[in-house]
Amino acid sequence: MKSIIIVSDSHRNRAALDRLDGLFAECDFIVHLGDLSTDGGYVRGKYPQKTIVINGNCDLDKMGDDERVLEAEGVKIFMCHGHNYSVKQTLARLAAAAKERGCTVALYGHTHEARVDELDGVKLINPGNLTRYGMNSYCYLALHNGKAVEKIVMLET
């Protein structure tokens, strides 16, 4: 089994990232889905071997990839920030992009809204945000034998 902690849209709220440090230490992968990728770089500085950083629409100092595919435990995962796929209007383009890459899971941010959907055989996961405003959340994703099980975790601010 592999575990992934997924965060997005921290917008310089490194205190929220620091609160997750214990989880980051224990998991197999950490994914920061952008806005700001420099925050992802901050996490990667602590956990360089297991942190994946994705650039978002607010990332002028690009610290990561615009998109990435990860395969673990028989699950293929497409990662992006989401702004290039119009995720605030529809998830269809994101699902299609994941399918084109042979992925059954797509991770995205951008909307600041934690949610899990399934569309055309693709599980679409948005961990929410870690900004200083509103509800904060992240996603814990467990992978095992070709299956992906997610849990959105709300944090008290």
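Residues numbered from 1 in each chain as written. Predicted model: local features only at pLDDT ≥ 70, side-chain atom pairs only at ≥ 80, totals over all residues. Heavy atoms only, no water.

Undergrad: Just checking my understanding: could you explain the side chain of Thr131 for this structure?
TA: Within the secondary structure, Thr131 is located in the loop between strand S8 (122-126) and strand S9 (136-144). When neighbours within four sequence positions are excluded, Thr131 is seen to be in contact with Asp9, Ser10, His11, Asn13, His112 and Asn136. (Helix = DSSP H or I, 4+ residues; strand = E, 2+ residues; numbered from the N terminus. Contact = heavy atoms within 4.5 Å.)

Undergrad: What is the right way to read the side chain of Asn126 from this model?
TA: By the secondary structure assignment, Asn126 is in strand S8. In this structure the side chain of Asn126 is engaged in a polar contact, spanning 2.8 Å, whose partner is the backbone nitrogen of Gly128. (Polar contact = N/O pair within 3.5 Å; in protein donor to acceptor, adjacent residues only side chain to side chain.)

Undergrad: I keep staring at the sheet that holds strand S7 (residues 115-119) and nothing clicks. Help me out?
TA: Strand pairing in a sheet is mediated by backbone hydrogen bonds. Such pairs are either parallel or antiparallel. Pairing is mixed in the open sheet, where five strands are placed in the order S4-S5-S6-S8-S7. With one partner strand each, in any of the chains shown, strand S4 (67-72) and S7 form the two edges of the open sheet. For this sheet the average axis-to-axis angle between neighbouring strands, irrespective of direction, equals 20°. Judged from the six bridges that link them, S4 and strand S5 (residues 75-80) form a sheet pairing that is antiparallel. (Pairing = 2+ DSSP bridges. Axes fitted to C-alpha atoms, helices over the stretch in contact; angles between N-to-C directions.)

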